[in-house]
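Architecture at a glance
Now for the letters of each chain:
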Amino acid sequence: MGDRQHLTVRPSHFPLSVVSATQRALIALLVIVPALSAQGTGRAPAKGVGYAGIDSVQLIADLSALSADSMDGRRIGTAGNIRARAYILRQFLAASLSPFAQRFTFSFTAVRAGGTTTGTNLVGYREGTKHPERFIVLSAHYDHLGHKNEAIYNGADDNASGASGVLAIARWLKEHPPENSVIFALFDGEEEGLLGAKEFIARPPVALDKIVANVNLDMVGRNAKGELWAAGATPWPVMRPLLEGLIPTAPVTLKLGHDTGTGQDNWTQQSDQGPFHTARIPWVYFGVEDHPDYHQPSDTFAKIAPGFFVHSVRTIAEFVHRLDEGLEPVVSAKTRSPAGK
Ligand SMILES: [Zn+2]
């Protein structure tokens with residue numbers, strides 16, 4: 001094996017959807033153990049079921065598969081997008097998610113520059129044990145920019161990281177059934193103007209008044225300062241105590257903001273939580289600040305910080321757990337129009 005320091009781990013090393021035991025050991029040995037010991041805030045491992053329960057080996061394997069060259073940048077309406085869909089649907093089945101009306105795929109006509117095409121949202125759910133009639137939507141877009149000339153836009157951070165995070169939390173909630181029902185929504189067409197999320201709000205699988213909150217993940221795979229941002233607590237103050245309660249123990253530096261004012265600094269409408277906000281559904285968006293590889297062919301698997309990625313998904317899983325247990329105030333807040341609208 002030689003000096004594994006120099007061994008480069010490539011997406012093609014893990015083609016299968018569910019990693020074998022050997023591949024598990026390999027990922028753990030080469031990627032996760034070193035990264036987790038190197039990364040983090042140096043704080044003692046946090047107490048919290050979400051922090052502990054995420055299967056980091058499969059999480060990394062999903063990220064590597066979705067950002068592989070074979071996915072050809074997953075642009076809406078392309079063969080690469082179809083391959084990404086097939087991979088994600090296999091993960092839906094592995095997480096034993098339930099379909100709505102016997103289907104996980106919800107196609108829609110996407111009007112974009114250069115004509116129309118067909119987009120496909122992937123939607124499944126896990127029924128709640130106490131309040132099956134109430135729904136939390138955990139979302140992430142799985143599409144990206146495709147390729148231009150010969151350059152593939154692998155979109156490892158944007159947004160194979162978020163899509164893999166949703167799948168990891170779906171698997172975790174299989175072992176830790178939520179009190180409220182949770183919808184897992186992998187949106188298409190985000191890069192063309194939040195098309196999949198708008199379609200979901202226009203034709204939801206359950207009535208919008210049953211959807212209590214949205215938790216959206218977009219770019220959670222790397223940050224040089226170890227910072228993960230949570231936006232939403234200003235327009236939806238009911239989310240602030242839940243988020244602030246995470247800060248002392250989160251294995252990443254969790255920062256609240258990017259949800260007020262005008263301009264690029266306000267992320268409210270810059271990813272799939274936007275249509276939920278417009279529909280007056282409380283939301284939290286998790287993401288990192290832009291990096292030099294944003295929307296570049298260089299946004300690859302090799303640039304992902306595995307330690308930070310695993311820690312940020314664990315932090316989000318813990319948030320989902322606390323939101324699920326503490327959903328009551330959010331239910332009542334939803335009936336009141338959001339502050340600062
Ligand atoms: Zn994105």
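Structure: above.
Report on the accompanying structure. (Residues numbered from 1 in each chain as written. Predicted model: local features only at pLDDT ≥ 70, side-chain atom pairs only at ≥ 80, totals over all residues. Heavy atoms only, no water.)

1. A few points about the sheet that holds strand β6 (residues 180-187)
- Taken together, the eight strands give an open sheet; going across it, the order is β1-β2-β6-β3-β7-β10-β8-β9, and neighbouring strands pair in mixed fashion. Bordering the open sheet on either side are β1 (105-112) and β9 (253-256), each of which pairs with just one other strand. The mean angle between the axes of side-by-side strands here comes to 25°, regardless of whether they run parallel or antiparallel.
- Looking at chain direction, strand β3 (residues 131-141) and β6 are connected through eight bridges and run parallel. (Pairing = 2+ DSSP bridges. Helix = DSSP H or I, 4+ residues; strand = E, 2+ residues; numbered from the N terminus. Axes fitted to C-alpha atoms, helices over the stretch in contact; angles between N-to-C directions.)

2. A few points about the side chain of Arg126
- Within the secondary structure, Arg126 sits in strand β2 (residues 115-126).
- One buried charged residue, Arg126, remains without a salt bridge, the closest side chain of opposite sign being Glu175 at 7.6 Å.
- One polar contact links the side chain of Arg126 to the main-chain carbonyl oxygen of Ala95, over a distance of 2.9 Å. (Buried < 20%, exposed > 50% of the residue type's maximum accessible area, 1.4 Å probe, protein only. Lys, Arg positive; Asp, Glu negative; His and termini not counted. Salt bridge = Lys/Arg side-chain N within 4 Å of Asp/Glu carboxyl O. Polar contact = N/O pair within 3.5 Å; in protein donor to acceptor, adjacent residues only side chain to side chain.)

3. Quick word on the pairing of β3
- Among the eleven residues that make up β3, eight are buried, leaving the element largely enclosed by the rest of the structure.
- Bridging between β3 and strand β7 (residues 211-217) involves five bridges; their strand directions are parallel. Within β7, the position partnered with Phe135 by the bridge is Ile211.

4. Describing the coordination of the zinc ion
- Only His141 (NE2), Asp158 (OD), Asp218 (OD) and Asp218 (OD) from the protein reach the zinc ion as donors, at distances of 2.0 to 2.6 Å.
- In this structure, the zinc ion is coordinated by four donor atoms arranged in irregular fashion, with angles at the metal of 52 to 145°.
- When the donors of the zinc ion are listed by position in the chain, the intervening gaps give H-x16-D-x59-D. On the criterion of sequence distance, the pair formed by Asp158 in helix α5 (residues 156-175) and Asp218 in the loop between β7 and β8 (227-231) is long-range, its members being 60 residues apart. (Donors = N, O, S within 2.8 Å, 3.2 Å for Na, K, Ca; no water. Tetrahedral: all angles 85-135°; square planar, octahedral: opposite > 155°, others 65-115°.)

5. Observations concerning the packing of aromatic side chains
- Considering all chains together, one arrives at nine aromatic pairs under this definition.
- Taking 6.5 Å as the distance between ring centres and 65° as the angle between the ring planes, the aromatic pair formed by Tyr125 and Phe135 counts as edge-to-face. Taken together, the residues Tyr125 in strand β2 and Phe135 in strand β3 connect sequence positions ten residues apart.
- We classify Tyr125 as buried; its relative accessible area is 17%.
- With relative accessibility at 6%, the residue Phe135 sits in the buried group.
- Ring geometry for Phe286 versus Phe319: centroids 5.4 Å apart, planes at 70°, classification edge-to-face. Residue Phe286 is located in strand β10 (residues 283-287), and its partner Phe319 is located in helix α9 (residues 306-325); the two are separated by 33 residues in the primary sequence. Considered together, Phe286 and Phe319 belong to a single accessibility category, that of buried residues.
- Clustering of aromatic rings is evident, with ring pairs tying together Phe100, Tyr125 and Phe135.
- Seen from the ring of Tyr153, Lys148 lies directly overhead, with NZ or CZ sitting 4.5 Å from the centre. (Phe/Tyr/Trp six-rings, centres within 6.5 Å; stacked < 30°, edge-to-face > 60°. Lys NZ or Arg CZ within 6 Å of the ring centre and 35° of its normal.)

6. A short note on the pattern of salt bridges
- Considering all chains together, one arrives at eleven salt bridges under this definition.
- Arg322 is the partner of Glu318 in a salt bridge, and the nearest nitrogen-oxygen pair spans 2.7 Å. One end of the pair, Glu318, and the other, Arg322, are both in helix α9, four residues apart, so they sit about a helical turn from each other.
- Residue Arg322 is classed as partly exposed on the basis of its relative accessible area, which comes to 22%.
- One salt-bridge network, in which partners are shared between bridges, spans Arg222, Asp293 and Lys303.

7. Some remarks on the packing of α5 against α9
- Between α5 and α9, whose axes approach to 10 Å, the crossing angle comes to 50°. Here α5 lies oblique to α9, going by the angle between them. In this structure, the crossing between α5 and α9 has a hand that is right-handed. Where α5 abuts α9, its residues Ser161, Ser164, Gly165, Ala168, Ile169, Trp172 and Leu173 lie against Phe309, Val313, Ile316, Ala317, Val320 and His321. (Parallel < 35°, antiparallel > 145°, perpendicular 65-115°, else oblique. Left-handed = near helix turned anticlockwise from the far one by under 90°. Contact = heavy atoms within 4.5 Å.)

8. Concerning the nonpolar core
- Core analysis: the biggest nonpolar cluster contains 71 residues, and Val215, Met239, Phe286, Phe319 and Leu323 have the highest contact counts within it.
- Dropping the residues within four chain positions of it, Phe319 is found in contact with Val215, Met239, Leu242, Leu243, Leu246, Val284 and Phe286.
- Of all hydrophobic cores here, the second largest spans 16 residues; its members include Phe106, Ala185, Ile201 and Val206. (Core = buried A, V, L, I, M, F, W, Y, C linked by side-chain atoms within 4.5 Å.)

9. Regarding unusual backbone geometry
- The residue after Asp158, namely Asn159, is reached through a cis peptide bond having omega 0°.
- Checked against the element boundaries, Asn159 lands in helix α5.
- In this structure, Gln102 takes a positive phi of about 60° despite not being glycine.
- As for its position among the elements, Gln102 is in the loop between α4 (79-94) and β1.

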